[in-house]
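Reading the structure
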Amino acid sequence: MSELAHFIGGRRVQGAGRHVDVYEPMTGAVAGRAPMATPAEVRAAVENARDAQPAWAATNPQRRARVFLKFLELASREMDELATILAREHGKTVADARGDLQRGLEVVEFCVGAPYLLRGGFTDSAGPGIDTYSMRQPLGVAAGITPFNFPAMIPLWMSAPAIACGNAFVLKPSERDPSTPLRLAELMIEAGLPPGVFNVVNGDKEAVDALLDDGDVKSIAFVGSSQIAEYVYARACAHGKRAQCFGAAKNHMVIMPDADMGQAVDALVGAGYGSAGERCMAISVAVPVGEATAQKLMEQLVPRVESLKIGLSTDPSADFGPLISKAHLARVNDYVALGVEEGAKLLVDGRGFKMQGYEEGFFMGGCLFDEVTPRMRIYREEIFGPVLSVVRTNAYEEALGLVDSHEYGNGVAIFTRDGDAARDFASRVQVGMVGVNVPIPTPLAYYTFGGWKRSAFGDLNQHGDDAFRFYTKTKTVTSRWPSGVKEGASFVIPTMS
Ligand code: NAD
């Protein structure tokens, strides 16, 4: 069993207060203990970051970017170990854990362009003898609070742009799987980042509140459930901090009558059940348009869900592994029971699944509901498990209206062969990230990631250009110089005229 620590000033620091158990979901065994930072420990981490930040900000952006080049090399070299640690602690498969790391590293790659991205503007002769220019300056100490489901990707989405911009960063990762972010912070220091520029404090609400109330923390990035995102956003704003807080999702896939059904079903199974449905971009609602489409869909979908391969995180042939915790497993099971009570048709019931030899693991099989209606709680609320709901619609406008009426607006997909329908959908739908014949439309590092409606609080998105705006203050200088030496010196022979 590993004794986890905080990571402050470039070294592991043992926690002085409470500890919580960290599990290995596939066995259900306690794998480690993580310290829960006290307000005093959070303060020490922030002070350490605050003291390290000015020298880092004074380091030119190209040198700062070189640290990332080295970090990318170290992380790539350690990819297998990192993916294994991540998979064992989260429960997702090792292959999926590599994707989690890779998507984070792609943001680090983007941040290597910091010298270019941080350039300001310049207007020569904005007025008579007047020049105007703008510059981007770091905020100071930035903090990030991350969820359990992407323990590499999301900490890197926040920390890399924050640090590239010349800030110091304090991460409060999920207490359920903190080992990977701790190792990533260590690798940053190994890559040449000065100690204190990337600190990690483990903890829960107490640590989060301490960060929210700390006057030296200038910005808060949060990803997690919507209720907590809203709370964090409000409290951060009340303290005058910048905040970007991303919340829950209920992502729909609209399947038009002309869709390639084989392709749509493949996409639906992967996006619905991959990582046991514990992805903010998972598809949790399938919306076939028209009765014939629904029939065709169900004919192909039911056997695919019945034959999903649930396996150990370390099994390369598994489609998905266990859920994150016993409590979350119970919650997802309760939602399935609720769906039955609400009158939805449970066509595939994965609740009884037990992994042979791993009976204490947090496993469940895939579940599939048909005839789900918008009034049901299993439709309105995020389940975050391997449970897919099918809501049948009669027409395209009805499907679009359904998506738009949902309180969450993170991601959505449409499957069709009709370019006009796809274009209309992409243009009108009230959702932040749209896939056309693409089930998980997570934007690449050089675009920005963010949902709409109650899936996000704040204005700027994660990564891409928005991250460089979020992590810098713009200063605009208007300058005029009085006539100087150039008029005082003359190289013409003086005359009396
Ligand atoms: P969570 O909200 O339980 O926890 C997120 C973070 O908040 C953790 O670091 C946790 O320690 C902290 N926290 C928990 N309770 C708190 C409280 N009362 N006060 C202050 N901080 C608190 O979320 P989770 O279960 O770790 O992650 C799953 C959720 O994250 C899902 O809702 C999922 O949709 C969402 N998510 C969203 C995105 C996105 O980009 N929109 C991405 C990934 C995950």
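So, a few notes on the structure that sits alongside this text.

Reading guide: rules and limits
Residues numbered from 1 in each chain as written. Predicted model: local features only at pLDDT ≥ 70, side-chain atom pairs only at ≥ 80, totals over all residues. Heavy atoms only, no water. Pairing = 2+ DSSP bridges. Helix = DSSP H or I, 4+ residues; strand = E, 2+ residues; numbered from the N terminus. Near = heavy atom within 4 Å. Polar contact = N/O pair within 3.5 Å; in protein donor to acceptor, adjacent residues only side chain to side chain. Areas by Shrake-Rupley, 256 points an atom, 1.4 Å probe, with all protein chains shown as cover. Buried < 20%, exposed > 50% of the residue type's maximum accessible area, 1.4 Å probe, protein only.

**Looking at the sheet that holds strand β4 (residues 19-24)**
Taken together, the three strands give an open sheet; going across it, the order is β1-β5-β4, and neighbouring strands pair in mixed fashion. Each edge of the sheet is formed by a strand with only one pairing partner; in this case those strands are β1 (2-3) and β4. Pairing analysis gives six bridges linking β4 to strand β5 (residues 29-35), with the strands arranged antiparallel. Residue pairing across strands places Y23 opposite V30, the latter belonging to β5.

**Thoughts on the site of the ligand**
Of all residues adjacent to the ligand, which total 28 residues, the nearest are K172, E175, R176, S225 and E382. Measuring from an oxygen atom of the ligand, one finds a backbone N or O atom of T146 at 2.8 Å. Between the ligand and S225, the relevant distance is 2.6 Å, taken from an oxygen atom to a side-chain nitrogen or oxygen of the residue. For the ligand, the accessible surface in isolation is 850 Å², of which the surrounding protein chains cover 89%. Only α8 (205-213), β11 (217-223) and α9 (226-238) provide two or more residues apiece to the shell around the ligand.

**Details of the pairing of strand β13 (residues 251-255)**
Counting buried residues in β13 gives five out of five residues, a clear majority hidden from the surface. Covered by surrounding structure in β13 are N251, M253 and I255 together with H252 and V254, the residues of both alternating faces. As judged from the five bridges shared by β13 and strand β14 (residues 283-288), these two strands associate in the parallel manner. Opposite M253, over in β14, you have A286 as the bridge partner.

On their own, these measurements won't tell you what the molecule is for.
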